[in-house]
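# Understanding the architecture of this molecule
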Amino acid sequence: MNIKEAMELKELVTFIPNKHEPIHNWYYYKEGYSKAFVELMIKKFNIQKNHVVLDPFCGIGTTNLTCKQNGIKSIGFDVSPLCTFVSRVKTTDYDLEDLEKKVKQILGLKFEKPEYLPKDEWLRRSFNRYVLEDIMFYKKNIFQIDDGKAMHFLLLGLMDSAMSCSYAYKDGALVRIQKKHVPPLGKFFKYKMKKMLKDLEKTNVPNVETKIELGDARDLAVCDDGVDFIITSPPYLNKIEYTKIYRTEYALFFQQPKTQIRSFIEEGEDAYFRDMRKCLENFKRVCKGQMAIVIGGGCFPDHVTLVDEKIGEIAEDIGLKVKEILVARNSWCTKARTVKVGQIRESVVILE
Ligand SMILES: C[S@@+](CC[C@H](N)C(=O)[O-])C[C@H]1O[C@@H](n2cnc3c(N)ncnc32)[C@H](O)[C@@H]1O
């Protein structure tokens, strides 16, 4: 296989550059990659405005928003309602004047203590009582807005603000509770909504068709040859359980998704690669052109797995061609934090 070092991609395959990108930074998603990475792939594949790009694991919509910003149509699927919600809000076309009015209306409300607070034990640990009261107050009023676009826009701002005022914080594959000083939610929420509105004012995102759906990459609801390119990143082997990490957001706003790619050591690597085979078969069926798949290696107490090569082997086995594997980063897999097990890497597998 054609494996090349491409260290210039090191930061681009992470979410870090998005922290300063308007709209992309409306919600922090550690598992995401960057707008700059997607733009690089758009150039590399010479994707034009008449093409359609698919991201079958769209997360919070980095591929879709970047395509839209570049005037390119796209489709995104994810099994997580949280992800499809965030992706949709970020890729919606808004009537700015109308949106500003609705936001002003909600931010101008006089606080009223909610009649009841959620009984969920996890939520009670994640927030102090005042923050939780504020969240419930705003949530109730936002749900009464009769305009779906404005309602979802405000809900995303509330969700992100809630996480900034929470005792829960994401630490690798876990969520921990840490009692600390947290800012008042109302103040944070107002600041967040103003920033989101400003982003829409200053970035002129073209009105391009972008479809975001709840869906499983192992069984894609796309017709044969329905898209031109794929830019994506599946869950990494033996990495995080998305529904556990985002349990605070789920407890506040969503229902837990029922299906995920199996990616745990308990489930076994075989199950993970069986799932990946199903995905690749779907990609081959629906995609006419090239595909970029960002993937990391598997780190276990007694061995490492080079997932990029394994995906390449499966791809070739089902009749796809591995053009190249671009290695963005090398790192050590360790056990007990000190003992080196072997080297793993994060790469971009280019298929056609
Ligand atoms: C590495 S993240 C993708 C992040 C994305 N590139 C971004 O920038 O936001 C992988 C995503 O796959 C989703 N996922 C897991 N199993 C899935 C499946 N069977 N079908 C579709 N999406 C799935 C997870 O919910 C997660 O959002």
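Note that the structure is predicted; figures quoted are calculated from it, not measured. Each chain carries its own residue numbering, running from 1 in the direction its sequence is written. Thresholds applied to this predicted model are a pLDDT of at least 70 for local features of residues and 80 or more for the giving and counting of side-chain atom pairs; totals over whole chains, interfaces and linings are not thresholded and use all residues. With hydrogens and water excluded, all non-hydrogen atoms of the structure serve as input to the side-chain values.

## Overview of the sheet that holds strand β12 (residues 339-351)
Quick note on the threshold: A pair of strands counts as paired when DSSP detects no fewer than two bridges linking them. Note on conventions: DSSP H or I runs of at least 4 residues are helices, E runs of at least 2 residues are strands, and numbering of each starts at the N terminus. Note on definitions: angles span 0 to 180 degrees between N-to-C directions of axes, and those axes are lines fitted to C-alpha atoms, for helices only across the stretch in contact. By definition in these notes, contact holds between two residues if any of their heavy atoms fall within 4.5 Å.
Sheet architecture is open: eight strands sit in the order β1-β11-β12-β8-β7-β2-β3-β6, paired in mixed fashion. Across the chains shown, the open sheet's two edge strands, defined by having one partner strand only, are β1 (3-5) and β6 (210-214). Averaged over all neighbouring strand pairs, the angle between strand axes comes to 25°, with direction disregarded. Where strand β11 (residues 322-335) lies against β12, 12 bridges are found, and the strand directions are antiparallel. From the neighbouring strand, Leu-326 faces β12, where its bridge partner is Val-348. Set on the sheet, helix α3 (residues 81-91) makes contact with β3 (73-78) and β6; between it and β6 the angle comes to about 165°.

## Observations concerning the state of the cysteines
Stated formally: Disulfides are defined as pairs of cysteine sulfur atoms found within 2.5 Å of each other. The cut-offs for exposure are 20% and 50% of the maximum accessible area for each residue type, with area from a 1.4 Å probe on protein chains only; residues under the lower value are buried, those over the upper are exposed, and the others partly exposed.
By the definition in use, this model includes one disulfide. With no disulfide partner, Cys-83 has as its closest neighbouring cysteine sulfur the one in Cys-58, 6.7 Å distant. In this structure Cys-83 comes out as buried when scored by relative accessible area, which is 2%. There is no disulfide at Cys-279, and the cysteine sulfur nearest it, in Cys-58, is 14 Å away. Residue classification places Cys-279 among the buried residues on the basis of a relative accessible area of 0%.

## Re the side chain of Arg-218
What counts is decided by this rule: Two N or O atoms form a polar contact when they lie within 3.5 Å of each other; inside protein one atom must be a possible hydrogen donor and the other a possible acceptor, and for residues adjacent in sequence the pair counts only when both atoms belong to side chains.
Tracing the chain through its elements places Arg-218 in the loop between β6 and β7 (229-232). For Arg-218, the side chain forms a polar contact with the side chain of Asp-216, separated by 2.8 Å.

## Regarding the pattern of salt bridges
Heads up, the rule is: A pair is scored as a salt bridge if a Lys or Arg side-chain nitrogen falls within 4 Å of a carboxyl oxygen belonging to Asp or Glu.
Under the defined criterion, the tally for this structure stands at 22 salt bridges. Lys-44 is the partner of Glu-324 in a salt bridge, and the nearest nitrogen-oxygen pair spans 2.6 Å. A residue pair is termed long-range when its members are at least 10 positions apart, and Glu-324 in strand β11 and Lys-44 in helix α1 (residues 35-44) qualify at 280 residues. With relative accessibility at 8%, the residue Glu-324 sits in the buried group. A salt bridge links Asp-317 to Arg-277, with the nearest nitrogen and oxygen atoms 2.9 Å apart. Pair noted here: Asp-317 is in helix α12 (residues 307-317) and Arg-277 is in helix α11 (residues 269-286), with a separation of 40 residues, a long-range link.

## A closer look at helix α6 (residues 129-143)
Side chains three or four residues apart in an α-helix point the same way, a direct result of the helix having 3.6 residues per turn. Short version of the rule: Here the expected span of a helix is defined as 1.5 Å times the quantity of residues minus one.
With 15 residues, α6 ought to run about 21 Å at 1.5 Å a step, and its terminal C-alpha atoms sit 21 Å apart, in line with that. The set of residues buried in α6 consists of Val-131, Leu-132, Glu-133, Asp-134, Ile-135, Met-136, Phe-137, Tyr-138, Lys-139, Asn-141 and Ile-142. Looking at the packing, one finds that the buried side of α6 touches α4 (96-107), α5 (121-126), α7 (148-164), α8 (185-202) and α10 (247-253).

## Examining the site of the ligand
In plain terms, the rule: Throughout, the term near means that a residue has one or more heavy atoms lying within 4 Å of the molecule or strand in question. Residues are grouped as follows: Ala, Val, Leu, Ile, Met, Phe, Trp, Tyr, Cys and Pro are nonpolar; Asp, Glu, Lys and Arg are charged; all remaining types, including Gly, are polar.
Looking at the ligand, there are 24 residues lining it, with Tyr-29, Ile-60, Thr-62, Asp-78 and Ala-217 nearest. Within the backbone of Tyr-33, one N or O atom sits 3.1 Å away from an oxygen atom of the ligand. In the model, an oxygen atom of the ligand is placed 2.9 Å from a nitrogen or oxygen of the Ile-60 main chain. Of the residues that constitute the shell around the ligand, the class distribution is 13 nonpolar, seven polar and four charged.

## Considering the environment of Leu-280
Inspection of the secondary structure puts Leu-280 in helix α11. Spatially, the C-alpha atom of Leu-280 lies 24 Å from that of Leu-12, the residues being 268 residues apart in sequence. Ignoring anything within four residues of it in the chain, the contact list for Leu-280 reads Ile-293, Ile-311, Ile-314, Ala-315, Ile-318, Leu-320 and Leu-351.

## A word on the packing of aromatic side chains
The criterion, for reference: In summary, the pairing rule links any two rings of Phe, Tyr or Trp, Trp by its six-membered ring, whose centres are within 6.5 Å, and it sorts them by plane angle into stacked for under 30 degrees, edge-to-face for over 60 and tilted for everything else. Any Lys NZ or Arg CZ that is within 6 Å of a ring centre and within 35 degrees of that ring's normal is treated as a charge sitting over the ring.
Evaluated as defined, the whole model comprises 14 aromatic pairs. Consider the rings of Phe-57 and Phe-283, whose centres lie 6.5 Å apart with planes at 80°: the pair is edge-to-face. Here Phe-57, found in the loop between β2 (52-55) and α2 (62-69), pairs with Phe-283, found in helix α11; they are 226 residues apart in sequence, far enough to count as distant. Like Phe-57, the residue Phe-283 is buried in the burial classification. Taken together, the aromatic side chains of Phe-85, Tyr-250, Phe-253 and Phe-254 make up a single cluster linked through ring pairs. Over the face of the ring belonging to Tyr-130 we find Arg-129, whose NZ or CZ atom lies 5.0 Å from the ring centre. The ring of Trp-122 carries Arg-247 above its face, with NZ or CZ at 3.7 Å from the centroid.

## Re the domain arrangement of the chain
We apply this condition: Reported domain spans reflect what an automatic or database domain assignment gives. In short, buried area is how much 1.4 Å probe accessible area vanishes from two parts on joining, totalled over both.
Under the domain assignment used here, the chain contains domain 1 (3-88 + 206-245 + 258-351) and domain 2 (96-202). A straight line from the C-alpha centre of domain 1 to that of domain 2 covers 29 Å. In this assembly, 12 residues from domain 1 lie in contact with 17 residues from domain 2. Interface of domain 1 and domain 2: buried area, both sides summed, is about 1300 Å²; carbon and sulfur atoms make up 71% of it. Taken together, the links from domain 1 to domain 2 amount to zero salt bridges. Taken together, the connections running from domain 1 to domain 2 amount to four residue pairs in polar contact (both at pLDDT 80 or more). Counting residues per element, the ones that place at least two in the side of domain 1 that touches domain 2 are α3 and α9 (242-245). Among the elements that make up the side of domain 1 that touches domain 2, the one with the highest residue count is α3 (three residues).

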